[in-house]
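Notes for the structure review
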Amino acid sequence: MRMNTYLNESKSLFELHSNTENAEKMAQYMRHQFEFYGIKAPLRKELLKELEQKQGRLKGSDLMEFVQAAWEEPQRELQYLAMDRMDKVKRQLNLDFLSILEYCIVHKSWWDSVDWLAINGIGTILKKHPKYIQKYNEKWISSDNIWLNRTAILFQLKYKDQTNIDLLFFNILAVSNSKEFFLQKAAGWALRQLSKSNPLLVNDFIQNHILPPLTVREGSKYLI
């Protein structure tokens, strides 16, 4: 299978460029949740170019298979590589990718993967297919998985004037009693982003609702 060849080539190339000192620092930064080759982002992106010159670009079902296979590997850089590859074709991602993106969000979950998957992956797809937003948002915000909750809060982060503000506020209020740092932070991030274009609306929302201090602090950064 083409995916297996691509994955094996990726692993061989990353092993060749592994750096033990970097790997330990990177693992420590991620609280030792993942193994690392010790390859930083600039080199990883250069290696992706090398892979594509040899193997071509994965798309469609081949890309979906590669993403899932990369998520089963212990080294975090292989998950980063899968996101790098999707990022190159993110405007071509379609509804078929939603299930694999959801899988990635709830497996090997941490902010470094979830945020890209939510904002650049899912956010890009649902912006093209807005009729599916309500269905998926309800599923994610009502989940007992905090990373799916975070996805619901963040997927519109780059929507600007196309943001469904009522939905965003609903999601923020839905988690407003949560003590989870990553939910409080996400809510503040979303409010801060919205305040760039709607400062009065965000200020009114913050003033008229009981929100965690972290959310208020983050959401108020651009407010006068």
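As a reminder, the structure under discussion sits directly above these lines.
Reference entry: report on the structure contained in this document. (Residues numbered from 1 in each chain as written. Predicted model: local features only at pLDDT ≥ 70, side-chain atom pairs only at ≥ 80, totals over all residues. Heavy atoms only, no water.)

Scanning the protein chain from terminus to terminus reveals 13 helices and 0 strands. Counting helices and strands in the order they occur from the N terminus, the protein chain gives α-α-α-α-α-α-α-α-α-α-α-α-α. Over its C-alpha atoms the protein chain spans a radius of gyration of 19 Å, differing by no more than 12% from the 17 Å that the globule rule assigns to 224 residues. Based on the C-alpha atoms only, the size of the protein chain along its principal axes is roughly 55 × 40 × 30 Å. Relative to its 224 residues, the protein chain shows a buried fraction of 52%. Contacts spanning at least 24 positions in sequence make up 73% of the contacts within the protein chain whose residues lie at least 6 apart. (Helix = DSSP H or I, 4+ residues; strand = E, 2+ residues; numbered from the N terminus. Rg over C-alpha atoms; globule rule 2.2 N^0.38 Å. Buried < 20%, exposed > 50% of the residue type's maximum accessible area, 1.4 Å probe, protein only. Contact = heavy atoms within 4.5 Å.)

This brings us to the side chain of Gln79. As for its placement among the helices and strands, Gln79 is situated in helix α5 (residues 76-88). Excluding residues that lie within four positions of it along the chain, Gln79 makes contacts with Ala70, Trp71, Glu73 and Lys108.

So, on to unusual backbone geometry. The backbone phi angle of His32 is positive, close to 55 degrees, even though this residue is not glycine. As for its placement among the helices and strands, His32 is situated in the loop between α2 (20-29) and α3 (41-55).

For the pair helix α8 (residues 133-141) and helix α10 (residues 165-174), interaxial distance at closest approach is 11 Å and the crossing angle is 10 degrees. Viewed along their axes, α8 and α10 adopt a mutual orientation that is roughly parallel. Listed contacts from α10 to Ile133, Gln134, Asn137 and Ile141 of α8 are Leu167, Phe170, Asn171 and Ala174. Its residues assigned to classes, the contact of α8 with α10 shows 5 nonpolar, 3 polar and no charged. (Axes fitted to C-alpha atoms, helices over the stretch in contact; angles between N-to-C directions. Parallel < 35°, antiparallel > 145°, perpendicular 65-115°, else oblique. Nonpolar A, V, L, I, M, F, W, Y, C, P; charged D, E, K, R; others polar.)

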